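Spelled out, the chains give:
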Amino acid sequence: MNEDQIIIIGAGPAGLMAAQILAEKGLKVHVYEQNKAAARKFLVAGNGGFNLTHSEEIESFIQKYDAPEIQNIVRNFDNQKVIGWLSELGITTYVGSSGKIFPTKNFKPIQVLKAWLTHLESLGVTIHYEHRFEDFDESFVYFKTTGQEIKVRYSKLILAMGGGSWKKTGSDAKWIDILRAKNIEINPLQSANSGYDTDSGLHQLAGQYLKNIKVSFGEHAKVGEIVFTNYGIEGSPLYYLNRFTRKHDLPLTVYLDLKPGLSETDIVAALQASHNKSSVLKKKLKLSETAINLLKTLDKETYTNSESLAHKIKYFPVEVRSLRPIDEVISTSGGVRFSALNSQLELIGFPNVYCAGEMIDWEAPTGGYLLQACFSTGFWVGNSIGNS
Ligand SMILES: Cc1cc2nc3c(=O)[nH]c(=O)nc-3n(C[C@H](O)[C@H](O)[C@H](O)COP(=O)(O)OP(=O)(O)OC[C@H]3O[C@@H](n4cnc5c(N)ncnc54)[C@H](O)[C@@H]3O)c2cc1C
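The structure presented is a predicted model; accordingly, all values stated were derived computationally and were not measured.

About the criteria used
- Residues numbered from 1 in each chain as written.
- Predicted model: local features only at pLDDT ≥ 70, side-chain atom pairs only at ≥ 80, totals over all residues.
- Heavy atoms only, no water.
- Disulfide = S-S within 2.5 Å.
- Buried < 20%, exposed > 50% of the residue type's maximum accessible area, 1.4 Å probe, protein only.
- Domains from an automatic or database assignment.
- Contact = heavy atoms within 4.5 Å.
- Buried area = accessible area lost by both parts, 1.4 Å probe.
- Salt bridge = Lys/Arg side-chain N within 4 Å of Asp/Glu carboxyl O.
- Polar contact = N/O pair within 3.5 Å; in protein donor to acceptor, adjacent residues only side chain to side chain.
- Nonpolar A, V, L, I, M, F, W, Y, C, P; charged D, E, K, R; others polar.
- Pairing = 2+ DSSP bridges.
- Helix = DSSP H or I, 4+ residues; strand = E, 2+ residues; numbered from the N terminus.
- Axes fitted to C-alpha atoms, helices over the stretch in contact; angles between N-to-C directions.
- Core = buried A, V, L, I, M, F, W, Y, C linked by side-chain atoms within 4.5 Å.
- Phe/Tyr/Trp six-rings, centres within 6.5 Å; stacked < 30°, edge-to-face > 60°.
- Lys NZ or Arg CZ within 6 Å of the ring centre and 35° of its normal.

K.L.:
For the state of the cysteines, give the residues involved together with the corresponding values.
P.N.:
Scanning the model with the defined rule gives 0 disulfides in all. Cysteine 355 carries a free sulfur, and the closest cysteine sulfur to it, the one in cysteine 374, is 13 Å from it. Accessibility expressed as a relative area gives 9% for cysteine 374, which makes it buried.

K.L.:
Break down the domain arrangement of the chain for me, with residues and values.
P.N.:
In terms of domain boundaries, the chain breaks down into domain 1 (6-191 + 328-386) and domain 2 (196-323). Between domain 1 and domain 2, the residue contacts involve 11 residues of the former and 6 residues of the latter. In total, about 730 Å² of surface goes out of reach between domain 1 and domain 2, with carbon and sulfur atoms giving 50% of it. The interface formed by domain 1 and domain 2 includes 1 salt bridge. Taken together, the connections running from domain 1 to domain 2 amount to 4 residue pairs in polar contact (both at pLDDT 80 or more). Grouping the amino acids of the side of domain 1 that touches domain 2 by side-chain chemistry returns 3 nonpolar, 5 polar and 3 charged.

K.L.:
Let's hear about the sheet that holds strand 16 (residues 316-323): which residues, and what values?
P.N.:
Judged by pairing direction, the barrel is antiparallel, and its 6 strands sit side by side in the order 11-14-13-12-15-16 before closing back on the first. Within this sheet the neighbouring strands show an average axis-to-axis angle of 50°, counted without direction. In the sheet, strand 15 (residues 252-257) pairs with strand 16 via 5 bridges, with the strands oriented antiparallel. Bridged to valine 254 within strand 16 is valine 318.

K.L.:
Give a detailed account of the nonpolar core, specifying residues and quantitative values.
P.N.:
The biggest cluster of nonpolar side chains holds 83 residues, and the ones touching the most others in it are Ile9, Phe136, Val141, Leu159, Leu179, Val336 and Trp362. At 10 residues, the largest contribution of residues to this core is made by helix 14 (residues 369-386). Leaving out residues up to four positions away in the same chain, isoleucine 9 has contacts with Tyr32, Phe133, Val141, Phe143, Leu157, Ile158, Leu159, Ala160 and Met161. One finds Leu241, Leu252, Ala270 and Leu285 within the second-largest nonpolar core, a separate group that totals 37 residues.

K.L.:
Now, about the pairing of strand 8 (residues 140-145): what can you tell me, with residues and values included?
P.N.:
Relative to strand 8, strand 7 (residues 132-136) runs antiparallel, the two sharing 4 bridges. Residue phenylalanine 133 lies in a different strand from strand 8, and its bridge partner there is phenylalanine 143. The loop that links strand 7 with its antiparallel partner strand 8 comprises 3 residues. Pairing of strand 8 with strand 9 (residues 148-159) involves 6 bridges; the strand directions are antiparallel. Paired with phenylalanine 143 across the two strands is isoleucine 150, which belongs to strand 9.

K.L.:
Could you give an account of the packing of aromatic side chains, with specific residues and numbers?
P.N.:
A complete count under the given rule lists 17 aromatic pairs for this structure. Between phenylalanine 42 and phenylalanine 375 the ring centres are 6.5 Å apart and the planes differ by 80°, which places this aromatic pair in the edge-to-face class. Here the residue phenylalanine 42 occupies a position in helix 2 (residues 40-45), and phenylalanine 375 occupies one in helix 14, the gap between them amounting to 333 residues. Pair check on accessibility: phenylalanine 42 and phenylalanine 375 agree, each one buried. Here the aromatic rings of phenylalanine 77 and phenylalanine 379 are separated by 4.3 Å at their centres, their planes lie at 20°, and the arrangement is stacked. Within this pair, whereas phenylalanine 77 is found in the loop between helix 4 (68-76) and helix 5 (79-88), its partner phenylalanine 379 is found in helix 14, the two being separated by 302 residues in sequence. Members of the aromatic cluster, connected to one another through ring pairs, are Phe42, Phe50, Trp85, Trp116 and Phe375. It is lysine 151 that lies over the ring of phenylalanine 140; its NZ or CZ is 4.2 Å from the centre. Over the aromatic face of tyrosine 231 sits the side chain of arginine 324, whose NZ or CZ is 3.5 Å from the ring centroid.

If you want it as structure tokens, here you go:
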């Protein structure tokens, strides 16, 4: 095969969005994917609530991202544009109670993907499955497919091979060694949107939820829900804190505020008003059964003293021993540094080679912000090439 063409590696959300934008401009696009099917991680994301973006107003929306470069790219193709794009595919959406945007119940994740793939097919996009990207040079990209090695000439090459979590979806981050060998600057991948391994004392609470609590680390805090597991804790407030905790040595301590709406002084007063601590916790302070079970893990002296118990209700310490392994987490931080890319997301030193999606070094919490940035970077690269 020896054609001159636009090639995209990776049929995930970022690669497919770039393909759509380019094909809509009348350009011929070939997507190469190592799996037998497209967008497996996109479908996995659909298993536990398919947050395609978030309804937050754009100024606070972009603050969820850690780098100004990605903020700018998300602003350019924002949540409203994602909703509009889905609507053009025939996918209706609704805003959930937490502000997250989901497809309406009549659309399963596979139907969203099928609608997108059908649209891409109608635009003439070709997806070559079971083609594993092995390398590239200034003219060719090299693949392994069904036991043979092939090379394909490219005019523009977009790398959209994802981060490093959930390897079984195809996002195995093997591209890191290939790009590092070319001296492309890459920050190591780390667990992001990750749960925490905690001391074993809390494991007895596995399966129990704490809702509407505040989790804090230093000056950073987030209200939400966490769940105890047989290794520690999981939940969106922790995912939000990852960015800050990761910079510190382990073990470290995060604090749970089990009653964010009341001051410590008010809680002390409520506890002092009765000898029956359990009754005050349940009936007056209206703490959940899980919160009370958690407080019962305290030593007797702390539990029976109103001041020390109130303090633990506001600042229950949880020792974090480690983040969960990369393969289990929702996303990874790290990847191709923005300093290795120009404003078009083209690799400096490798003209005509671009990056998109989670393989670039940005990070954001869950809640639709991850897919949003993947769509936005795909859109950005598609336009960078299509308008050049
Ligand atoms: C359990 C889970 C739940 C999630 N839930 C949400 C959510 O609700 N909302 C949200 O915003 N985000 C969610 N995410 C994150 C989101 O799915 C990812 O951020 C997003 O899929 C990344 O898109 P991408 O296109 O950059 O890469 P990917 O989706 O990882 O796609 C990369 C593609 O490249 C292919 N590839 C990799 N290497 C090669 C190679 N060498 N040759 C050829 N092909 C290759 C892979 O097979 C894959 O198909 C979730 C993730 C997980 C794991």
